[in-house]
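Given next are the chains, with one letter for each unit.
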Amino acid sequence: MSRKRITLLLVFCNVIAVSTILAQSSLSGRSGISFGTTLDPQNQIRESQTLAKSLANSNSPQWKARGDQKRFYHFPEANADVPYRVCVPSNWDGKSKLPLVMFLHGGWNDESSYLDQNDKQLVKLADKYGYLLVSPLGYHAAYGNSLLLPAVFGQPYEAAKILAARTATKDSAQVLSEKDVINVLELVLNEYPVDRKEMFLIGHSMGSGGTWYLGAKYHNYWKALAPMSGPFLQEKGYPWNNIRRMSIFISEGTKATASLAGSRALRDWMRAQGFNIEYKEVDADHPGMVPLILPDVFDFLDRCRSEQ
């Protein structure tokens, strides 16, 4: 057999292998997301609501408090007291319904890292625009999304390799991470009078991947999504119809070389499919794009709020 035929045969075998991995992975989760966990979203929401009610303490001095608050809750499945951050507008009257924005941090950070950066820019923007800002830890994993570099949009072979390397330990960590996010969200919803029609999910890098993943899997929560510099999803194995009704603001840094091509490919594909997206690039690297784009993110959220 000629070298050319051998090469073509190997390519064909690789295509079949990748397709098989993606198909098998798509069957692993009830959400239809090939790179996610097997958690059933409705069951998880009910479980988190039950936990929130069991932990509620209306006599606590923190109950419905205003301002920037560092909190903890007991996460039974992790057997740990887990931190989260809640920032309530300083001028809230204590009764009116609040719009909510949940922020998911990037890798090697925690629930406070981004909120404290750049002279607390994110906290100040949320206060200025009148949003209840929630930032979970995500309990030491990627919010349930197994994709990471170089598996950006348009790189299905890289995604398949990552999914093939999954282990029970890694999957268990992702389950706890996803649960933590929904637990924290339901804790806040149980305490504050949130306008359920004005809830938004945003995140950067790993948190952008979490935004794509949790935005689709728990789509009934969200009015709009704003993923920043982290196109960690693929065309296949993702429930695109779950986010079709949403407005989506995708942003990227022109010097974020690892994710820029993926974000542009995602932009072009979603536009061709008729999704309601906005896209903006800023002249910065991966971490440097955050302070530049956050004002645009909150402008976008406010435009979404004005839509009927």
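This structure is a prediction, so every number in the text was calculated from the model and none was measured.

*Asks:* Even after reading the chapter, I still don't get the overall build of the protein chain, so can you show me in this structure?
*Replies:* Along the backbone of the protein chain there are eight helices and eight strands. Out of the 308 residues belonging to the protein chain, those deemed buried represent 53%. Looking at the protein chain alone, contacts between residues at least 24 apart form 73% of all its contacts between residues at least 6 apart. Summed over its atoms, the accessible surface of the protein chain is roughly 14000 Å², and 52% of this surface lies on carbon and sulfur atoms.

*Asks:* Sorry, what's going on with the side chain of Ser247 here?
*Replies:* Residue position: Ser247 is located in strand β7 (residues 247-253). There is a polar contact of 2.8 Å between the side chain of Ser247 and the side chain of Asn276. In this view, Ser247 contacts Lys223, Ala224, Leu225, Asn276, Phe300, Cys304 and Glu307; residues no more than four positions away in its chain are not counted.

*Asks:* Can you help me understand unusual backbone geometry in this one?
*Replies:* Glycine aside, the phi torsion of most residues is negative, and most peptide linkages are trans. Between Leu149 and the following residue, Pro150, the backbone shows a cis peptide bond with an omega angle of 5°. Tracing the sequence through the fold places Pro150 in the loop between β4 (132-136) and α4 (156-164). The residue Tyr139 is not glycine, and still its phi comes out positive at about 30°. Structurally, Tyr139 can be placed in the loop between β4 and α4. At His140, a residue that is not glycine, the phi angle is positive and equals roughly 65°. Along the chain, the position of His140 falls in the loop between β4 and α4.

*Asks:* Looking at this structure, how should I read helix α7 (residues 260-272)?
*Replies:* Since the α-helix advances by 3.6 residues per turn, residues separated by three or four positions end up pointing in the same direction. Between its first and last C-alpha, α7 extends 18 Å over 13 residues, near the 18 Å set by a 1.5 Å rise per residue. Listing the buried residues of α7 in full gives Leu260, Gly262, Ser263, Leu266, Arg267, Trp269 and Met270. Looking at the buried positions of α7, the neighbouring elements they touch are α6 (206-217), β7 and β8 (276-282). Gly274 sits one or two residues past α7 and shows a positive phi near 85°.

*Asks:* What should I look at first to understand the packing of helix α2 (residues 41-55) against helix α5 (residues 168-191) in this one?
*Replies:* To characterise two packed helices, one gives the angle between the axes of the helices and the distance between these axes. Put simply, α2 and α5 touch, their axes get as near as 8 Å, and they point 50° apart. Here α2 is positioned oblique relative to α5, judged by the angle of their axes. You can see that α2 and α5 cross each other, and the crossing is right-handed. Each of Gln44, Ile45, Glu47, Ser48, Gln49, Leu51, Ala52, Lys53 and Leu55 in α2 lies in contact with α5, whose residues at this interface are Lys179, Ile182, Asn183, Glu186, Leu187 and Asn190. Each residue belonging to the contact of α2 with α5 can be placed in one class, and the counts come to six nonpolar, five polar and four charged.

*Asks:* What is the right way to read the pattern of salt bridges from this model?
*Replies:* Close approach of charged atoms allows side chains of opposite charge to pair. Evaluated as defined, the whole model comprises 16 salt bridges. Of the charged contacts, one joins Lys217 and Glu178 as a salt bridge, the two residues approaching to 2.9 Å between their closest N and O atoms. Here Lys217, found in helix α6, pairs with Glu178, found in helix α5; they are 39 residues apart in sequence, far enough to count as distant. Measuring nitrogen to oxygen at the nearest pair gives 3.0 Å for the salt bridge that ties Asp296 to Lys280. Residue Asp296 is located in helix α8 (residues 289-306), and its partner Lys280 is located in strand β8; the two are separated by 16 residues in the primary sequence. Judged by relative accessible area, which is 32%, Lys280 ranks as partly exposed. Counted as one network, the salt bridges with shared partners bring together Asp68, Arg85, Asp116 and Lys120.

Parameters and conventions
- Residues numbered from 1 in each chain as written.
- Predicted model: local features only at pLDDT ≥ 70, side-chain atom pairs only at ≥ 80, totals over all residues.
- Heavy atoms only, no water.
- Helix = DSSP H or I, 4+ residues; strand = E, 2+ residues; numbered from the N terminus.
- Buried < 20%, exposed > 50% of the residue type's maximum accessible area, 1.4 Å probe, protein only.
- Contact = heavy atoms within 4.5 Å.
- Areas by Shrake-Rupley, 256 points an atom, 1.4 Å probe, with all protein chains shown as cover.
- Polar contact = N/O pair within 3.5 Å; in protein donor to acceptor, adjacent residues only side chain to side chain.
- Expected span 1.5 Å × (residues − 1).
- Axes fitted to C-alpha atoms, helices over the stretch in contact; angles between N-to-C directions.
- Parallel < 35°, antiparallel > 145°, perpendicular 65-115°, else oblique.
- Left-handed = near helix turned anticlockwise from the far one by under 90°.
- Nonpolar A, V, L, I, M, F, W, Y, C, P; charged D, E, K, R; others polar.
- Salt bridge = Lys/Arg side-chain N within 4 Å of Asp/Glu carboxyl O.

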